[in-house]
Structures are given as C-alpha cells and as structure tokens.
Amino acid sequence: MATDVLISDGDLIAKLVPKDKDEVQENLDNQENPIVKPLVLTISAYQDGVLRLKIDEDQSLSPSKKRFEVPDVIVPEFLNKKLWLQKLKTEKSEDGLGILSVIYLSDGYEGVIRHDPFEVFVRESGKNGKKMLSLNSNGLFDFEQLREQKGENEDWEERFRSHTDTRPYGPQSISFDVSFYDADFVYGIPEHATSLALKPTRGPGVEDSEPYRHFNLDVFEYIADSPFGLYGSIPFMISHGKSHGSSGFFWLNAAEMQIDVLGTGWNDEFSSVLMLPSDQKRVDTLWMSEAGVVDAFFFVGPGPKDVVRQYTSVTGTPAMPQLFAIAYHQCRWNYRDEEDVYNVDAKFDEHDIPYDVLWLDIEHTDGKKYFTWDRLLFPNPEEMQKKLAAKGRHMVTIVDPHIKRDESYYIHKEASQKGYYVKDATGKDYDGWCWPGSSSYLDMVNPEIRSWWAEKFSYENYVGSTPSLHIWNDMNEPSVFNGPEVSMPRDALHHDDVEHRELHNAYGYYFHMATSDGLVKRGDGKDRPFVLSRAFFPGSQRYGAIWTGDNSAEWDHLRVSVPMVLTLGLTGISFSGADVGGFFGNPDTELLVRWYQVGAYYPFFRGHAHHDTKRREPWLFGERNTELMREAIRVRYMLLPYFYTLFREANMSGIPVARPLWMEFPDDEQTFSNDEAFMVGNSLLVQGIYTEKAKHVSVYLPGDQSWYDLRTGTAYKGGVTHKLEASEDSVPAFQRAGTILPRKDRFRRSSTQMENDPYTLVIALNSSQAAEGWLYVDDGKSFEFQQGAYIHRHFMYSDGKLTSSNMATAGSGSKKFASECIVERIILLGFYPGPKNALIEPANEKVDIELGPLLLRGGRGSSVITIRKPNVRIADDWTIKIL
Ligand code: NOJ
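Scoring rules and cut-offs
Residues numbered from 1 in each chain as written. Predicted model: local features only at pLDDT ≥ 70, side-chain atom pairs only at ≥ 80, totals over all residues. Heavy atoms only, no water. UniProt positions renumbered as here; feature names shortened; annotations may be inferred. Helix = DSSP H or I, 4+ residues; strand = E, 2+ residues; numbered from the N terminus. Buried < 20%, exposed > 50% of the residue type's maximum accessible area, 1.4 Å probe, protein only. Lys, Arg positive; Asp, Glu negative; His and termini not counted. Salt bridge = Lys/Arg side-chain N within 4 Å of Asp/Glu carboxyl O. Contact = heavy atoms within 4.5 Å. Pairing = 2+ DSSP bridges. Axes fitted to C-alpha atoms, helices over the stretch in contact; angles between N-to-C directions. Parallel < 35°, antiparallel > 145°, perpendicular 65-115°, else oblique. Left-handed = near helix turned anticlockwise from the far one by under 90°. Nonpolar A, V, L, I, M, F, W, Y, C, P; charged D, E, K, R; others polar. Polar contact = N/O pair within 3.5 Å; in protein donor to acceptor, adjacent residues only side chain to side chain. Near = heavy atom within 4 Å. Areas by Shrake-Rupley, 256 points an atom, 1.4 Å probe, with all protein chains shown as cover. Phe/Tyr/Trp six-rings, centres within 6.5 Å; stacked < 30°, edge-to-face > 60°.

- As annotated in an unreviewed UniProt entry, the chain is Probable glucan 1,3-alpha-glucosidase from Forsythia ovata.
- Database annotation for the chain, UniProt heading Subcellular location (unreviewed entry): "Endoplasmic reticulum".
- The record in UniProt for the chain states the following under Pathway (unreviewed entry): "Glycan metabolism; N-glycan metabolism."

Given below as structure tokens:
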C-alpha cells in the first residue's frame, strides 16, 4: 500500500510498504535487517499526456548497491516538458473503501494513485472518468529488494549448462500487472517472430506458451511463430480498441524481461488474485524483469498515432536517412573480392535494374579484424568505392563488436591497454569466442569508450574508407558463441560496476550509437550517417536502421516479416526490413520474386543471403523472373519521393512509414488483427501474397472511399473484401481515394542519379472529387535540412483546382534548399471526364488534358486523365485549374 502521499518538488511522491501480514511480521521479527523496506514511488506528469512512474529502493536506507537506471535513452527535450505539479486532489474510490490521490495530467486526463491496495492509473478527468490504463490492478506487484546473503544456506549462484552465474547481489526481480481498458488487442514489444496483434500467452485455451521474452540473442534459425525473444527488445506496448482508441505503456529497463498477455478468464484459477472492480473490458498483462528499477511511462493516446507520438517524444523520433539508404541494397555473405563486386555492379546495369548500395560482409576483412581489408581480395578498396560512387552508388562494410584478441591488432592493443573491455566476474577482460576466435568486447556503456570508438571511423583511422562507405553493425546483442545462451555472462562487469544482467538489452544500442556518432564525426558533422544494426533498444531509431536478422527462405518467414516490420514501426523503429529472399536456405524462384514484390515496400529494402546458399542476384533465374524482380525494384524507385516524404514525417512525429491498417482506420474492427496487408503512409495499401502458386488473393480495403490499383488504375470499393486474381506481375497495391502521390518515373542506375528528374503527381479523387498529399525534398544527404534547407509542399485538390502551397514553417532556419525540379505530369484517377485543358496560375498558361497511361512502362490497363507538361516547379506556389 502507498503511504505518505504528497507533492514535493513538482512530483507526487509516496512510500510503498508491505500490506501482507506475513511480510509485516517477518519484518518485525527481523528489525536489524528487514527484508522489506519501504520503496520510494514518484509520479511525474509531462506535456501531451505522458505520466511517468518510478519505483526504487530508498537510497537513504543504504541498499547494498544502486540499482541500474538506463541512461541516454530519454531525450533531453522530453525532460524539459515536465509539468510542475502543485496540487493533489483526494477523493474516495468508486467502491467507497479506498482513498485516491489525483493529479492533473493533460486536458481531459488525470493520473491517480489508489493508496490501499496500491494501484496507479490514468483516467479521463473527473471522478467517474473512464480508466485507460493501470498498474497493479491485479495486485501482482512484487519487488525483490537487495539484501545481505543469509550465510551458507542461501545459494545465489545459478548454473546453466557449463556456465555459472555468480549472482553476487542475489535475486532482484520486479514484476507487476498492467491493464489496458476498452482494448480489443495489444501490440508492440518487439522483437518476436509472431502476429501483429499479440496472442495471449496465459489463460484458458492457451497451451504451453512461454511469455514474450526480451533478452537480445543471436537466435539460430528462428521459427516463424514464437514468443521467443530475438535480437532486440523494446518494452513498449500499445493497445487498441473500437470504443476507446489506443493507449500505451513503456518500461525503461534493460535487464531480461518476460511479458505475459493474459487471455480473458486467466485469473479464474487464482481466487487469491486481487481484481479491483471495473465494469470496463480490459486486456491484462504481466511484466517481469530480472533487475533494474520501475521507470514506466503511461501514454494516454487517444489515437494510435498519438500514442506513437507520445512514445517517441520520450525516446526520440527516427533519424532522417540519406536518400540512398531508402533505395535498394544488394548484400550477400560474401561478395568475394573486387572482381565479384565489379561484376555484380555491372550486371545491375546490364539488366537495367537500379540499385544503390553494395554490401561487404565479414570476409572482406583481414582475419575478422574490423576496419581492415583482406588485401589479397580487396587490394584497392578506395578505388572500388570511388568507381561505384561515380554511378551514384554507395558501399557498406560490416563492423561487429567482438574485437580479435590479437596483439598485432591496433584496436585490441589500445583497448586492452586502456582497460576498455567489459570485465568478467573476476575483474579480468572478458574473453569470449566469436568470428575471429578469442575476442573481447568494448564497454560501450562508457561514454569515453564510445567516443574513442567513434574516432576509429575517421578517414585516417579507417584506412580504405571513403565518404560513400557506410556501416553495418551485426552480432551486437552481443553474440558470444561460447557464452551462456550465445551471449555474455550476466555477471560480467561494465563501467561503474554495473552488471551485464542490468543492461544486457541495451548493449547493442550503445554500440549502434557509437558507430553512428563515428560516421557523423568523420565528416565534421555534415552528412547523415547510415548504420544498420541487428540488436536494438528504445531509442535505436535515432541511430539508424534495423533488420530482422537471420530469417529463412520460407513462405512463413515472408509472411511474418510483415508483422515484424509493422511492430517495429509502432515502437518507434520506422526504418526496418527483413532479408529479402530469406537468409538461410535457397528460396524457390516464385518465393524470391514474391519477396521482392513485398520487400519493395519495406522501409529498409535489402536482399541478403547466407554464404552456403546459391547465388541469387535478380538476373539468375531467367528473363521473365529478372523482369519481375526488376519491376518490383523499379516500383520502389518510382515511389522514392513518397517514401522520402514519409521518412521525414517519421522524423518529425514518430509516425512510422509502414503502418498497420488500424493506424489509418482506427474505427474499423476488421483491420485490428490484419497483418497480411499494411499501409505505406496514409495513401498506399499493400497486400502480400504468402503462398505458393496462389490463384486468388483476398484483400480487405477499409473505409468508405474507393481504392485504385497502383498499376492499372482500376477502382475498387472500400469497406469490402475483394477476391482478386493473383497476378504474377506484382502483389496487390492500391492508392487510397483522397490522396496525392508524388512519383519519379524515369529509371536510372541509382537514386542519387534521379535527383534532378521531374515529378509525376497521381491524384486519386475521393467521392467529393477532392484529394491531398505532400512532398518533402532536401539535398538527400546533409544535416542542413535541420536549418531549414528543404522544400515541403502540400498539394490540395478541390473544386476543380490543384494547389501547391508551402508547408515549411516560415523562418524555420537560416539555410535554404533550391531545386529546379518540375512536375511533368499530373494524373487524375476517379475524375469525371469531359475537360480538355487546364490553366496554370500565376503563369496564366494553358496546358492540354488528354488520356495517358498510369505507368509509363510495365503497366497494363486503362488509360487515365493526364495533364501533360504542366512544368510547374516543385519549389513554387501555383494553382492548376481544370477548365
Ligand atoms: C549474422 C548476420 O545476421 C548475417 O546477416 C551475416 O551475414 C552473418 N552474421 C555474417 O556476418
């Protein structure tokens, strides 16, 4: 129960003391060394409806150590949004039995603490305001406090196979229940290969499920439907329901976590479980962590986009990538040597397939010593990069966190001399086994070591690197082949004596951070870095892209890649994708083609394969299949202006590029558990095809407006499931009526070569003959957009007029971005035919309207109405009137 509830220094603070009679008695019997000391609870309110709850041991009672709180995740701007609480309202609870203390949270919402039994919740304002989410409504809160070991009869050591965890501080876990009210489903908490709407892991009808686990691991051949934890962890859950909307809960904690989603009726078997009265439907969940403190955030929503915005206001919005990074990437373990690189590069040109980035995996190094080159295979890395760069292309090399323990390796020498490695429980440099053999691991939690690491990316230090080279961070869970569960022992020691168990899930995050900082520093802070990471944690979105690791060349893995990418997007990581084709195994041709067709819409689009697989570059499967893969990749290039605009939206607001349907159609229940289709932004719906030789595909098109087939322009009714013939040419994709898509229709070798190409605008009219859309453009490369060097347009079509107006906030910075790019075609879908020409204002020029194809090449089907050569500049304000 909570006692001493009061306002102090702008926060609500209270003490939590045991209520359980046995615990109280035990404490009385053992006054010298009480087992359960009061805990300190702090509740703070932040702008925009974010409530923060912290619970920790009372430092004035000298616990045996300070429990770890993860630094560097919460962005400083968030802390500035703290509200200074002044008043506490007290009221009787609904049942008249308890006391509630109430604080203002935001307009329409309040934070509440019930004293006895202790419960914290957020509700709509007012005494009978509806609850939105709560902690400890089932009384499952438990906090194992640090204490003295009781002689020899208490054994804290734990054994796992040949490993012993010394657990010097004993058990220190924390658990509690969180309830989401009026929710139909909960989502989030990546990374698991499973459905988007999270299935219950406990309760009637659930057989043998484990909880969703958060423990970053290098999982060999993961299966496509499991709550098992993969490479990254984000303890952020979002709920959604028809009657209420969304709310969210985030626990900032980097130790192993297990989360149960409790199916309705889960508590029937536990009569002892407390259930605070509620007539609201709710989804209960149970959270448990091995260590750390409670540092939890409640987000009030009420819409799904609001929740994501609130969550990214705490952990940061995604970094704005360079344009090349959102185009197509070609990877393989390994492109063997320079000749191989040049051949692959040339073949793309020969087959007229655009691509932007060629990747080099671990074999390009000298003995897996990162920052070095195998000079037999890659004698002239700089020249190689420059040759590719001449075509506007980039390269990526891999840099993993395990450092080869080789005295002749400068990184190892310096790191060991400076004492920069993580230590084992005895205080010696931890020595584990990874690709190079015996390896040690840098203690990336230490800011000094991160900045030392960042320096290694300077052009002088990373010999053979050039400005067109970017980085891939793999194995950063960290993966240790001979460690417990293929990772680092939990009792290994970091900076400030923090045990690895306390920060395990954040290790990869820090490595990603340091690498990304390194790329920024090497160019004097001018250009945006690109760093792909496998491990992740809340905040990783600020440092680069994430991919879903070692999937397999199986239809089920293509299928699960979609909910995996959508889940990452919901939890802040907008820039993500799965290995196209599947990493392990050889995809049959149909699967590979389908994967390209779906993968072209992943925010991060890269083909990759294990070294034991057959080569699978897009031209190796006969002319027809080359054509199909070329088409899939070209669709991505055609839509790059739209994707780039969406990446900027994510960068400003946190709203992901790839979105579940319910994010755009929050009232439509049919969308809530649909994870076969997804939205790209607000305008495009993509339906994957996940079975072999599919003849038909069912597509649910939400809303009451029409949808236009992206290739043919054919209109389909909204609010209906359509059974369509499955085409070999593409997976179904539709433009939503009421939207305007910016495209670039000329195909070149790489995205950077499309810079000055003209635009096409595709206007899909809704039933009121209206539509709107956006276009964001900058130099595609530098950070100058942060000082105002960009063009951001809003296109609005209504009353027979298309208007382009400026979205950039006036005086948003000192820098300007100039572009001479023009709009060369405007296509109208759903237009009542008749008119012959259009008038451009202010130029007062007439242009023709005629029939034209929707796609210049590759498309079939109907002609559409086209305004040809309006040639207005994207940088200008203009209006085009249909006459
Ligand atoms: C594991 C990664 O997940 C995979 O993508 C990579 O090819 C291998 N490590 C080798 O670096």
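The discussion continues.
### Thoughts on the side chain of R648
Next up, step 1: Looking at the element boundaries, R648 is found in helix α13 (residues 640-653).
Next up, step 2: One buried charged side chain, R648, makes no salt bridge at all; its nearest oppositely charged neighbour is D778, positioned 6.1 Å away.
Next up, step 3: When residues no more than four places from it in sequence are discounted, the contact partners of R648 are M320, Y776, F785 and Y790.

### Brief notes about the UniProt feature "domain: Glycosyl hydrolase family 31 C-terminal" (unreviewed entry) in the chain
Next up, step 1: In the numbering used here, UniProt assigns the "domain: Glycosyl hydrolase family 31 C-terminal" (unreviewed entry) feature to residues 654-741.
Next up, step 2: Here residues 654-741 is 5% helix and 39% strand, with 21 Å between the C-alpha atoms at its ends.

### Concerning the sheet that holds strand β36 (residues 677-680)
Next up, step 1: Across the sheet, which stays open at both edges, the six strands sit in the order β35-β36-β37-β42-β39-β40 with antiparallel pairing between neighbours. Single-partner strands in this sheet number two, and they are β35 (658-659) and β40 (715-716).
Next up, step 2: Taken together, the three bridges between strand β37 (residues 684-687) and strand β42 (residues 733-736) define a ladder with antiparallel strand orientation. Within β42, the position partnered with V686 by the bridge is A733.

### Quick look at the packing of helix α11 (residues 589-599) against helix α12 (residues 623-638)
Next up, step 1: Orientation of α11 relative to α12, taken along the N-to-C sense of each, is 15 degrees, at an axis distance of 8 Å. Classified by the angle between their axes, α11 and α12 sit roughly parallel to one another. Crossing of α11 against α12: the hand is left-handed. Facing T589, L592, V593, Y596, Q597 and G599 of α11, the residues of α12 in contact are N625, L628, M629, A632, I633 and R636.
Next up, step 2: For the contact of α11 with α12, the per-class residue count stands at seven nonpolar, four polar and one charged.

### So, the environment of Q330
Next up, step 1: With respect to the secondary-structure elements, Q330 resides in strand β21 (residues 328-330).
Next up, step 2: Here Q330 falls in the buried class, since its relative accessible area comes to 3%.
Next up, step 3: Through-space distance from the C-alpha of Q330 to that of M513 is 24 Å; in sequence the pair is 183 residues apart.
Next up, step 4: Among residues more than four places away in sequence, those in contact with Q330 are Y335, V344, F348, Y355, V357, L358, W359, Y596, G607, E617 and P618.
Next up, step 5: One polar contact links Q330 to Y328, side chain to side chain, over a distance of 2.6 Å.
Next up, step 6: One polar contact links Q330 to Y335, side chain to side chain, over a distance of 3.0 Å.

### Here we look at the site of the ligand
Next up, step 1: Close to the ligand lie 13 residues, the nearest being D361, D474, R534, D550 and H608.
Next up, step 2: Residue D474 places a side-chain N or O atom 2.7 Å away from a nitrogen atom belonging to the ligand.
Next up, step 3: Between H608 and the ligand, the recorded distance is 2.9 Å, taken from a side-chain N or O atom to an oxygen atom.
Next up, step 4: Protein chains bury 98% of the 290 Å² of accessible surface belonging to the ligand in isolation.
Next up, step 5: A per-class count over the shell around the ligand returns eight nonpolar, one polar and four charged.

### Considerations on the environment of Y104
Next up, step 1: You can see Y104 is positioned in strand β6 (residues 99-106).
Next up, step 2: Considered as a pair, Y104 and K89 are 15 residues apart in the sequence and their alpha carbons are 9.0 Å apart.
Next up, step 3: Setting aside its immediate chain neighbours within four residues, Y104 contacts A45, L83, L85 and Y109.
Next up, step 4: At 2.8 Å, the side chain of Y104 and the side chain of D107 are in polar contact.

### What to know about the packing of aromatic side chains
Each aromatic ring pair is summarised here by two numbers: the centre-to-centre distance and the angle between the ring planes.
Next up, step 1: Tallying each qualifying case throughout the model produces 54 aromatic pairs.
Next up, step 2: Ring centres 6.0 Å apart and planes at 75 degrees place the aromatic pair F176 and F249 in the edge-to-face group. Of the two residues, F176 is situated in strand β13 (residues 174-181) and F249 in strand β17 (residues 245-251); the sequence distance between them amounts to 73 residues.
Next up, step 3: For F176, a relative accessible area of 0% gives the class buried.
Next up, step 4: Owing to a relative accessible area of 0%, F249 belongs among the buried residues under this scheme.
Next up, step 5: Centre to centre, the rings of Y776 and Y790 are 5.5 Å apart; their planes meet at 40 degrees, and the pair counts as tilted. A residue pair is termed long-range when its members are at least 10 positions apart, and Y776 in strand β45 (residues 771-777) and Y790 in the loop between β45 and β46 (791-798) qualify at 14 residues.

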